[in-house]
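Summary of the model geometry
Take a look at the letters that make up each chain.
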Amino acid sequence: MNGKSARPSNAEADRGLSRRGFIGHVAGAIGLAAAPNVLRAAANPRVIVIGAGFGGATVAKYLRHWSGGAVDVVLIDRSSRHISCVMSNLVLNQRLQMSDLALGFTDLVQRYGVTFIQDSVDEIDGPGIRVKLRGGGWLSADRIVAATGINFRNVPGWDKSAVPHAWIAGGQTRLLRDQIAAMPDNGRFVMTIPKSPYRCPPGPYERACTVADILGRRSGIIGGNAIGAPPKVIVLDENDHIQAEEATFRRAFEGMYRNIIEYYPNAKLQAVDSVHRVAQTSIGDFDGDVLNVIGPQQASWFLKTSGLVPTSQRWAPVDVLGYESTVSGCDAVHIIGDSQGSSQPKSGHMANSQAKVCADAILRRFAGQPLNTAERLANLTTNSACFSPITYDQASYLTAVYAYNPATRAMQATKVGEAERWSREQYRQMFTWADNLWADSFN
């Protein structure tokens, strides 16, 4: 990662994080370290990993690393690099460039020996433990890991080429950035938030603050040199309350951005007029100079067409002991990250954490070892941390630790921490947190 103007020096960031000890939540937080000699019952087993985001890259890396190279790992992704959604809201205010978010697979291939195939997967045959490549043919394995992120559910009238979501980083992020840059200084930005669960619980509220800061500075509302009516950021939330860092975002909405942000809960998106940039909701129609629809989300479409997501569900059901599918006959397929249907939040950091649990479970399966030993269950934890920029140079944070509950067979939040206030120090810490997460997943 090459730093841009928004990035503080590493020394500054490291000093802040050593005081708080926050980055301990990234690498090694799981407490499950599969030893290289765990592989005794299988010779050169193969694992296919679909999707090279935070979950897929991490599980591929740790399968090779923890097995001492004894597991063959094939990583499949349609792109030659991953564009990080983590930190992507900073592209909107141009504190970062898209190039800062580009994460390659060179280390996974050259350092860890992962085989990378640039292609798409159209189908998973769970019982047959094989995948169908769009480029042609089937590829078989001993285990499959799907780390395929989100898809959007249909919304009548929504044309994503005109009305961006920017919830999958890349071209959509550039489109939204350019639309915001072209807005009038006193313009109107309308955004929608889908029903939970969705990717990155604090992300939409973070975006509202980021855009309010951009428009506030541009119009002079922030800084005391305003001319004319203030700009508006209209937040249409299908949920009945703010879903993450509620105290922080409510304080921002009702405090420093009170003349800019208007927050409406229980606003279910029903349709979109993409030509006129109108969000049609259960509480009325809202038009804007820019319309940002963060649409309703579900697991990747081919997981559903492959039978890994039941008809009545949005997400793939899994057994969190190893993220194995609970669909009959498909227990050799593991699903991690945003597509899985557990109670844990959907975030890049959580995908990284789940990937380590999954890698450990796969190595134990290959060695004929159980996943439910008392020692393993006692140490079965995942975690999610997130920094949220609130202003141009200040941020807050949220962290949560999840532990396995044998009674419910689910992951349960045991520790949740939230910043008491946003600060410049936490803005500096945000870059070290991101650097550590990126390195732990891709390097």
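For the structure, check the block above.
Residues numbered from 1 in each chain as written. Predicted model: local features only at pLDDT ≥ 70, side-chain atom pairs only at ≥ 80, totals over all residues. Heavy atoms only, no water.

1. Looking at the sheet that holds strand 8 (residues 138-140)
Taken in spatial order, the three strands make up an open sheet running 6-7-8, and their pairing is antiparallel. Strands with a single pairing partner mark the edges of an open sheet, and in this sheet they are strand 6 (121-125) and strand 8. Averaged over all pairs of adjacent strands, the angle between their axes in this sheet comes to 25°, without regard to strand direction. The pairing of strand 7 (residues 130-133) with strand 8 spans three bridges and is antiparallel. (Pairing = 2+ DSSP bridges. Helix = DSSP H or I, 4+ residues; strand = E, 2+ residues; numbered from the N terminus. Axes fitted to C-alpha atoms, helices over the stretch in contact; angles between N-to-C directions.)

2. Considering the pairing of strand 13 (residues 261-264)
On a regular strand, each side chain points to the face opposite its neighbour's, so the side chains alternate between the two faces of the sheet. What you see with strand 13 is a clean split: Ile261 and Tyr263 sit on the buried side and Glu262 and Tyr264 on the side with no burial. Pairing between strand 12 (residues 232-237) and strand 13: four bridges, direction parallel. Bridge pairing in strand 13 places Ile234 opposite Glu262. For the crossover from strand 12 across helix 7 (residues 246-254) to strand 13, the handedness is right-handed. (Buried < 20%, exposed > 50% of the residue type's maximum accessible area, 1.4 Å probe, protein only. Right-handed = clockwise from strand over helix to strand, strands pointing away.)

3. Some points on the sheet that holds strand 15 (residues 278-281)
With antiparallel pairing, the three strands of this open sheet are ordered in space as 14-15-16. Looking at the sheet topology across the chains shown, the edges are occupied by strand 14 (269-273) and strand 16 (284-287). Strand-to-strand, the axes of this sheet are offset by a mean angle of 20°, without reference to chain direction. Relative to strand 16, strand 15 runs antiparallel, the two being bridged by four bridges. By the bridge assignment for strand 16, Ala279 is matched with Phe286.

4. Structural notes on the pattern of salt bridges
Considering all chains together, one arrives at 17 salt bridges under this definition. Put simply, Lys356 and Asp440 hold a salt bridge, and the shortest N to O gap is 2.8 Å. Of this pair, Lys356 sits in helix 9 (residues 348-366) while Asp440 sits in helix 11 (residues 424-442), placing them 84 residues apart in sequence. Ionic contacts of the salt-bridge type, sharing partners, join the residues Arg143, Glu324 and Arg365 into one network. (Salt bridge = Lys/Arg side-chain N within 4 Å of Asp/Glu carboxyl O.)

5. Examining unusual backbone geometry
Between Ser196 and Pro197 the backbone carries a cis peptide bond, its omega angle lying at 5°. Relative to the elements of secondary structure, Pro197 occurs in the loop between strand 11 (188-193) and helix 6 (203-219). We note that Ile129 has phi near 50°; this positive angle belongs to a residue other than glycine. Checked against the element boundaries, Ile129 lands in the loop between strand 6 and strand 7. Positive phi, normally seen in glycine, also occurs at Asn266, with a value near 55°. Tracing the backbone shows Asn266 in the loop between strand 13 and strand 14.

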